[in-house]
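One letter stands for each residue in the lines below.
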Amino acid sequence: MKFFELSKKRNNLRRYLHNAPNLSVDLVASKKIGMNSTTMNCSSLLILLCCSFQLATCISQNELNELSRKFKYYHAAVRPAAPDNFVSDRNGTFFNIPVEMHLMATRIVNRNLYLEVIIAMTWIDERLRLRELKDRFPMPLEYPTWHPSLVFSPTVTSKHTTLAPTTGTMNSYSTIKTTVECQTNAWKYPFESFTCTVSVVPEGDETLTVTQFHDLRSDTQKLLTNVFLGDYPSCSLEFIFRSEWPRALLSTFLPSILIVSSVFFAQWKRRKIQILVSLAAMVGILIMLSSQRPYTATTLMDLWLCSNFIHSVFLVLIDLTLPARRVRYTLMVHVDEEKKQANPVKIMTTSETEHTGPLRFVNHVIDYLMKKEYKPTTTVVTACPGPTPIQRQITTAMLGNRKRAALFCVFCSYLLFLLIYATIVIAID
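The structure contained in this document is the topic of the report that follows. (Residues numbered from 1 in each chain as written. Predicted model: local features only at pLDDT ≥ 70, side-chain atom pairs only at ≥ 80, totals over all residues. Heavy atoms only, no water.)

### Overview of the side chain of H102
Inspection of the secondary structure assignment puts H102 in strand 2 (residues 92-109). At 3.4 Å, the side chain of H102 and the side chain of H214 are in polar contact. (Helix = DSSP H or I, 4+ residues; strand = E, 2+ residues; numbered from the N terminus. Polar contact = N/O pair within 3.5 Å; in protein donor to acceptor, adjacent residues only side chain to side chain.)

### Description of the pattern of salt bridges
Tallied over the full model, the rule gives seven salt bridges. Close ionic contact of E66 with R69 constitutes a salt bridge, the shortest N to O distance being 2.5 Å. Taken together, the residues span about one helical turn, with E66 and R69 both in helix 4 (residues 61-70) at a distance of three residues. With relative accessibility at 11%, the residue E66 sits in the buried group. Taking the relative accessible area as the measure of exposure, R69 reaches 41% and is therefore partly exposed. One salt bridge in this structure joins E132 and R69, with 3.8 Å as the shortest N-O distance. Of this pair, E132 sits in the loop between strand 3 (112-124) and strand 4 (137-138) while R69 sits in helix 4, and the two are 63 residues apart along the sequence. Residue E132 is classed as partly exposed on the basis of its relative accessible area, which comes to 48%. Among the charged side chains, a network of salt bridges with common partners joins E66, R69 and E132. (Salt bridge = Lys/Arg side-chain N within 4 Å of Asp/Glu carboxyl O. Buried < 20%, exposed > 50% of the residue type's maximum accessible area, 1.4 Å probe, protein only.)

Scope: geometric values only; no functional claims are made or implied.
Written as structure tokens, this is what we have:
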């Protein structure tokens, strides 16, 4: 009695799973109605796993007896000759195998791509028509049937086959769950595009035709990784994604721009501050240049860091070769003790040009040829009463015209480099 009840439940389950190959179509229809994508993905995955588990474990004694009777005269090396398997065109007649692809999940892992794909193939084997059976059942391993000779890239993780006994329709389900190595152009780093391919290639004269493709991933996975279906006659999926430039934008591009800007604005400070900031900037850029090396080839990142380093060196050379101008203010105040009023006084301003570096003699010659004389200027002010006399000297730094012109040239050069670099980044795609 218990055995009868167990057989009855198993038959009911088979009838429910009888249309297992059409589950993906129903799932796509439910998605169009408005079903949540995440819920749909989870439910579809669970249903397919349930189907594969039941199909891999449930087979009755009656089905096993029918298979043993059929396989007495069955040879797996002989290809089925059902007319529905063949298609004809101007190039000839070919054994056609319809293919359905179900993309379940993708995840970016260290410039590689982890993916889950289910590939379903269908053909008719007229020798396996069992009139006495009605429900679809899995094919046991001890009864091997004819399968097309295929090359999967990457290799298949699991594979099972089912048979519809009334029509002799064979359904082969191949599951791929692995991490695929991706190809890229190293010189485009960090703006390179990674390309990964999943393909199925027949070794014989069979042709594979992709009839349906269902993308069952979440919206986030679709946003990060784009997928394209290969053109006929190839049976492949091509994945394209980018994963490097957001991190590089925060770790390299923004800090290097701030470093060069700091060196540029430090030219308005004292000599010690200029030299300290410039040397620290060059050391920082060299450290970034040596650490950002994921490839052995020269990349766009190397071009960026080298250009920033060169502009920093130019700023240091300008500071060392061009004269540093110091302006000294001398303040002298005389207060009339009787009237307790401050008399007009003079502020004597003197200008000195200080030449340093190995080219100081050349700078003296240039000053002489240009006949530039820095004459002091006098300003009359009124001072408040106070102790007499008062004498104070104030020294400030000012940029000469030549240094300002050199800094302007470096600034224009850096802006031109940024424009050219942005053009290259946009044009490579």
